[in-house]
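Secondary and tertiary structure notes
The lines below spell out each chain.
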Amino acid sequence: MNPDHILSVRDLKTRFLMDEGTAKAVDGVSFDVSPGQVVGIVGESGCGKSVTIKSILGIVQKPGEVVGGEILFRQRGNGAAAAEMVDLAKLDGRGKEMRAIRGSDIALIPQEPMAALSPVHTIGNQLVEAVRLHQDVSKRRAEELAIERMTEVGVPNPAERMSMYSWELSGGLRQRVMIAMALSCSPRLLIADEPTTAIDVTTQAQVLRLLRGLQQNHGMAIIFITHDLGVIAQVADYVVVMYLGRVMETGPVDDIFHNPQHPYTRALLESIPSVHALSREPLPTIEGSIPHPFNRPAGCPFAPRCVAAMPGKCDRRTPKPTQLNGGQSVSCFLHNDAAEED
Amino acid sequence: MLVYIVKRLLLLPLLLLVFSVIAFILIQAPPGDFVTSYVAELAASGSSMDRLQIDALRELYGLDRPGYVQYFKWLTRMLQGDLGVSLDFQKPISELIGQRLLLTVILGLSTFLFTFAVAIPIGTISATRQYSFFDYFFTVFNYVGVATPTFMTALILMWLAFSKLGITITGLFSPEFADEPWSFARTVDLGKHIWLPIVILGMDGTARLARILRANLLDELNKPYMEMARAKGMPEWRLIMKYPVRLAINPLVSSLGWYLPLIFSGSLIVATVLNLPTIGPLLLRSLIGQDMFLAGAIVLSYFGLAVIGTLLSDILLAWLDPRIRMEEA
């Protein structure tokens, strides 16, 4: 593992074993996260981005299971570099060691704050719980810390909010509370799972700005999951494009937007509505729909929908990621003939 | 919260008034009256009464008046705290049912607590270990529990206890304590006897509530707040007890409104079979003998217990669920 990285996911494979068959939700995903970097994972729904982060957190529920690969995470501490490394994929998701990392070193901002908060426990109760799970402090002190965090994320009258319930807050405030909760133990890696999907556009911009600011102040790394390329452009330094459980292309945000190499990335970018486009012009869409995970196409998963697909090649073998100049990496036979071994 | 409780308490007298009318109509519904069945009883034992004597008896008890007059006389006396005299026993009704009512309430509430204490762990484990041996075992056990009539369970247990262990398990007290005043020793004796009726009466409810909890909990276990709590690093069992179980118990508490009255009145047959000194067997006897004032008082106390049960469930639900609390205040 590169000493610069805080997280290094290598060939991660997560499967769901069901009666109907095996769904390869994540099938050989690799990417790195450096300290202080915002990595955006983008893809359509069902592409495996949520399962990827659940695998990192060790909260994949049955019948799902991490079946292969490594999730190397650099733990807090000042010891020798080798001793600080831990492979999260090898830890028991419910075990003590994993639980000590989860919520403390790696924190989650969930997709729907309303559903992620208990409706019958106060905001304060849930914030204090998050603090006290990892820090040996009194209830009083935990309350003070919770109020401090809420102030930091811009919740007005934080002391009053402590005794309120989730359904008494607005959508934007709820998301701020979730962010305060995630920050409660000063994580070094923050995972944001479509944090702006459930809130309206004006609030979205505020939350994104807030996350950017927090990231700079705390020097945290963020993995930001979204299906919205516009959001990625605003927050990410580095982008991972996923399709059907595989990484199609990765690279610095500017390269991905201005010089996309994979046909899927290009198709995604073309389907973004633009204010500069001619009016009444139909928006380009990607032909076809995502195949069912039980029924994955052979070869490159995008081949059946790809405009540049080469029959006899793309539908037979799976392309290997190829490093291009300038930090970009792409898995496509247009760039390299090397295929994955089956 | 206080407003909520007061609002409900204010409804109580009105409800009881309505119930008193219903109770009176129900009791008057069968043809004939107490004197008719008294005469029949006399005839069965060989003696008889002449017309004049019968009319005198009717007049004495006010049975010759129209129904509404009888009702208002009854209501007025009840409001003054006088439940009247049992025609059959020739004793004040308050004396007859006082002790029995207390035992009915003790038995009902203990059964209720037993039900929850057993149903919650069974439901929780069945849901969290879905399709395990434990889950299947209790599924079968619960169906048997729901399907077997309680008096049947009572009879089987009585027979088993008598034939295998040689003990009689009827009543709530040993013979030496039956008519004693309350004492520590009598309470201990009650404890020794009451567990069996509790188990018998509670089995049905336990099975039902465990099924309800299991279904509710299975819904809750996939909610996003579970994932969030896990992501916080919370130990699995602690989070299950704090969030989903807490939320799945709410519908269970609202079932309390119908379940508590059901325990009180549903115990009638079991109490008769087991010869328990509760108000159930007394109601049965008073109905057969058309002892209208006694039957009226008992039916009304059942109504009263039902209303209190509903009230308790409302209060408990408001206390448990802030969403209900805020809505009502």
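The following refers to the structure shown. (Residues numbered from 1 in each chain as written. Chains lettered and ligands numbered in written order. Predicted model: local features only at pLDDT ≥ 70, side-chain atom pairs only at ≥ 80, totals over all residues. Heavy atoms only, no water.)

1. Some remarks on the overall build of chain B
The number of helices and strands found in chain B is 14 helices and 2 strands. Expressed along its principal axes, the backbone C-alpha trace of chain B runs to roughly 85 × 55 × 40 Å. Looking at chain B as a whole, 45% of its 329 residues are labelled buried. Contacts spanning at least 24 positions in sequence make up 73% of the contacts within chain B whose residues lie at least 6 apart. As presented, chain B carries roughly 16800 Å² of accessible surface, and 69% of it is formed by carbon and sulfur atoms. Of the charged side chains in chain B, 25 are positive and 24 negative, and the gap between their average positions amounts to 10 Å. (Helix = DSSP H or I, 4+ residues; strand = E, 2+ residues; numbered from the N terminus. Buried < 20%, exposed > 50% of the residue type's maximum accessible area, 1.4 Å probe, protein only. Contact = heavy atoms within 4.5 Å. Areas by Shrake-Rupley, 256 points an atom, 1.4 Å probe, with all protein chains shown as cover. Lys, Arg positive; Asp, Glu negative; His and termini not counted. Charge placed at Lys NZ, Arg CZ, Asp CG, Glu CD.)

2. Description of the environment of A:Arg317
Residue and element names in this part refer to chain A. With respect to the helices and strands, the residue arginine 317 is situated in the loop between helix H12 (263–270) and strand S11 (322–323). For arginine 317, a relative accessible area of 35% puts it in the partly exposed group. Taking the C-alpha atoms as reference, arginine 317 lies 11 Å from serine 331; in sequence the two are 14 residues apart.

3. Points about the sheet that holds strand S3 (residues 38–42) of chain A
Note: strands within a sheet are paired through backbone hydrogen bonds, in either parallel or antiparallel orientation. Residue and element names in this part refer to chain A. Read from one edge of the open sheet, 8 strands run S6-S7-S8-S3-S9-S10-S12-S11, paired in mixed fashion. A single partner strand is all that each edge strand has here, and the edge strands are strand S6 (106–109) and S11. The pairing of S11 with strand S12 (residues 329–330) spans 2 bridges and is antiparallel. The partner of threonine 322 across the bridge, within S12, is valine 330. Strand contacts of H12: strand S9 (238–243) and strand S10 (246–252), with the helix running at about 100 degrees to S9, the strand carrying the most contacts. (Pairing = 2+ DSSP bridges. Axes fitted to C-alpha atoms, helices over the stretch in contact; angles between N-to-C directions.)

4. As for a nonpolar patch on the surface
Residue and element names in this part refer to chain B. Together, Phe151, Met152, Leu155, Ile156, Trp159, Leu160 and Ile269 make up a nonpolar patch on the protein surface, roughly 650 Å² of accessible area in all. Mapping leucine 160 onto the fold places it in helix H7 (residues 150–165). For leucine 160, a relative accessible area of 33% gives the class partly exposed. (Patch = residues over 30% accessible without salt bridge, like charges linked within 9 Å, V, L, I, M, F, W, Y side chains within 5 Å. Salt bridge = Lys/Arg side-chain N within 4 Å of Asp/Glu carboxyl O.)

5. Some words on the interface of chain B and chain A
Taken together, the contacts link 23 residues of chain B with 28 residues of chain A. Here chain B and chain A share an interface that buries about 2300 Å² over both sides, 64% of which is from carbon and sulfur atoms. Considering only the side of chain B, the residues that lose the most area to chain A are B:Met228, B:Arg230 and B:Lys232, jointly responsible for 27% of the buried surface there. On the surface where chain B and chain A come into contact, there are 4 salt bridges. Summed over the shared surface of chain B and chain A, the number is 12 residue pairs in polar contact (both at pLDDT 80 or more). Where the side of chain B that touches chain A is concerned, the elements lending two or more residues are helix H9 (224–231), helix H10 (236–242), helix H11 (244–273) and helix H14 (322–328) of chain B. No other element matches the 6 residues that H9(B) contributes to the side of chain B that touches chain A. (Buried area = accessible area lost by both parts, 1.4 Å probe. Polar contact = N/O pair within 3.5 Å; in protein donor to acceptor, adjacent residues only side chain to side chain.)

6. A short note on the sheet that holds strand S5 (residues 85–87) of chain A
Residue and element names in this part refer to chain A. Read from one edge of the open sheet, 4 strands run S2-S1-S4-S5, paired in antiparallel fashion. Every interior strand has two partners, whereas the edge strands, strand S2 (21–33) and S5, have only one. Each strand axis lies, on average, 10 degrees off the axis of its neighbour in the sheet, ignoring direction. Across the face of the sheet, helix H1 (residues 49–57) comes into contact with strand S1 (7–18), S2 and strand S4 (64–74) while running at roughly 110 degrees to S1.

7. Some points on the packing of aromatic side chains
Within the structure shown, the criterion is met by 18 aromatic pairs over all chains. B:Arg186 extends its terminal NZ or CZ atom over the ring of B:Phe173, reaching a point 4.0 Å from the ring centre. (Phe/Tyr/Trp six-rings, centres within 6.5 Å; stacked < 30°, edge-to-face > 60°. Lys NZ or Arg CZ within 6 Å of the ring centre and 35° of its normal.)

8. Considerations on the packing of helix H2 (residues 34–44) of chain B against helix H3 (residues 51–61) of chain B
All names here are of chain B. One way to put it is that H2 packs onto H3 with a least axis distance of 10 Å and a crossing angle of 140 degrees. For the element pair H2 / H3, the angle class is oblique. In terms of crossing hand, the pair formed by H2 and H3 is right-handed. On H3, the residues that touch Phe34, Val35, Thr36, Tyr38 and Val39 of H2 are Ile54, Leu57, Arg58 and Tyr61. By residue class, the composition of the contact of H2 with H3 is 7 nonpolar, 1 polar and 1 charged. (Parallel < 35°, antiparallel > 145°, perpendicular 65-115°, else oblique. Left-handed = near helix turned anticlockwise from the far one by under 90°. Nonpolar A, V, L, I, M, F, W, Y, C, P; charged D, E, K, R; others polar.)

9. Things to note about the state of the cysteines
One pass over the full model with this rule turns up 0 disulfides over all chains. With no disulfide of its own, A:Cys332 lies closest to A:Cys314 among cysteine sulfurs, the gap being 6.1 Å. (Disulfide = S-S within 2.5 Å.)

10. A closer look at the layout of surface pockets
Picture a little ball the size of a water molecule; that probe, rolled over the atoms, points out where space is still empty. Empty space within the largest pocket amounts to approximately 1500 Å³. Along its surface, the largest pocket is lined by 45 residues, and A:Ile59, A:Val60, A:Gln61, A:Lys62 and B:Arg230 are the ones closest to its centre. Counting residues per element, the ones that place at least two in the lining of the largest pocket are H1 and S4 of chain A together with helix H5 (93–128), H9 and H10 of chain B. Residue contributions to the lining of the largest pocket peak at 5 residues, all from H9(B). For the lining of the largest pocket, the per-class residue count stands at 22 nonpolar, 10 polar and 13 charged. Taken as a whole, the second largest pocket holds about 710 Å³ of empty space. Around the second largest pocket sit 36 residues that line it, and A:Asp27, A:Gly28, A:Arg246, A:Pro321 and A:Glu340 are the ones nearest its centre. Looking at the lining of the second largest pocket, the element that brings in the most residues is S2(A), giving 7 residues. Class assignment of the residues belonging to the lining of the second largest pocket gives a composition of 9 nonpolar, 12 polar and 15 charged. (1 Å grid on protein atoms, 1.4 Å probe; cavity = no way out; pocket = protein on both sides within 12 Å on 5 of 7 lines; lining within 4 Å. Points joined across faces, edges and corners; volume = space filled by probe spheres on them.)

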